Amino acid sequence: MTNLTLTKTRILSGRYEGVLTAQTTEPPNLTAHCLDQQLGDLSITQDKTVDRTWVVTLSLPLEFLSDGVHTVLIVNQATGDTLDSFSIITGEPLAEDLRTEINLLRSELDMLKRAFRRHCNETTG
């Protein structure tokens, strides 16, 4: 089993770039998926300056971009492990999605505060 680490360096002009480090001299077979579809054009190029390091690039296809939140997973095909993921958020629903998420987080925080206060009261009194 090899220890793989994929670190995103940037997403620029529709292109994901990351650095892959491994304990092996051979690059793994990686795939990128979104909406249960495999995205093509993922490339792995050896970094000549650092041993056991590769540059991973993925061009995001235009047909992939549409309203809503879409998550891309970069997966080690041999093990099925997700090495990295990122989300693309576009379109009108964005503002409502964020407001809903913030309201949910506030509700959860209030619930945690009540539980913490109850715990403190029970243990001290």
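Caption draft 1: Representation of the sheet that holds strand S1 (residues 5-12). The strand order across the open sheet formed by four strands is S1-S2-S6-S5, and the pairing between neighbours is antiparallel. Two strands in the sheet have a free side with no partner beyond their single neighbour: S1 and strand S5 (42-46). Between one strand axis and the next, the sheet turns through 20° on average, direction left out of account. When S1 meets strand S2 (residues 15-21), the two strands line up antiparallel, connected through seven bridges. Note that in S2 the partner of Ile11 across the bridge is Tyr16.

Caption draft 2: View of the sheet that holds strand S3 (residues 30-34). The strand order across the open sheet formed by four strands is S4-S3-S7-S8, and the pairing between neighbours is antiparallel. If you trace the sheet from one side to the other, it starts and ends with strand S4 (37-39) and strand S8 (82-90), each paired once. For this sheet, the mean angle separating the axes of adjacent strands, direction not counted, is 30°. Alignment of S3 against S4, held across three bridges, turns out to be antiparallel.

Caption draft 3: Spatial organisation of the nonpolar core. Residues Leu20, Leu58 and Val72 are the most contacted members of the largest nonpolar core, which totals 20 residues. Contributions of two or more residues to this core are made by S2, S3, strand S6 (53-59), strand S7 (68-76) and S8. For Val72, the contacting residues outside a window of four places in its chain are Ala32, His33, Cys34, Leu39, Leu58, Phe64, Asp84, Ser85 and Phe86.

Caption draft 4: Expanded view of the pairing of S5. Relative to S6, S5 is paired through five bridges, and the arrangement is antiparallel. Paired with Ile44 across the bridge in S6 is Val56. In sequence, S5 turns back onto S6 through a hairpin of six residues, with Arg52 there showing a positive phi of about 55°.

Caption draft 5: Up close: the environment of Gln37. Following the sequence through the fold, Gln37 ends up in strand S4. Given a relative accessible area of 54%, Gln37 falls into the exposed group. Spatially, the C-alpha atom of Gln37 lies 23 Å from that of Leu20, the residues being 17 residues apart in sequence.

Reading the values: the criteria
- Residues numbered from 1 in each chain as written.
- Predicted model: local features only at pLDDT ≥ 70, side-chain atom pairs only at ≥ 80, totals over all residues.
- Heavy atoms only, no water.
- Pairing = 2+ DSSP bridges.
- Helix = DSSP H or I, 4+ residues; strand = E, 2+ residues; numbered from the N terminus.
- Axes fitted to C-alpha atoms, helices over the stretch in contact; angles between N-to-C directions.
- Core = buried A, V, L, I, M, F, W, Y, C linked by side-chain atoms within 4.5 Å.
- Buried < 20%, exposed > 50% of the residue type's maximum accessible area, 1.4 Å probe, protein only.
- Contact = heavy atoms within 4.5 Å.

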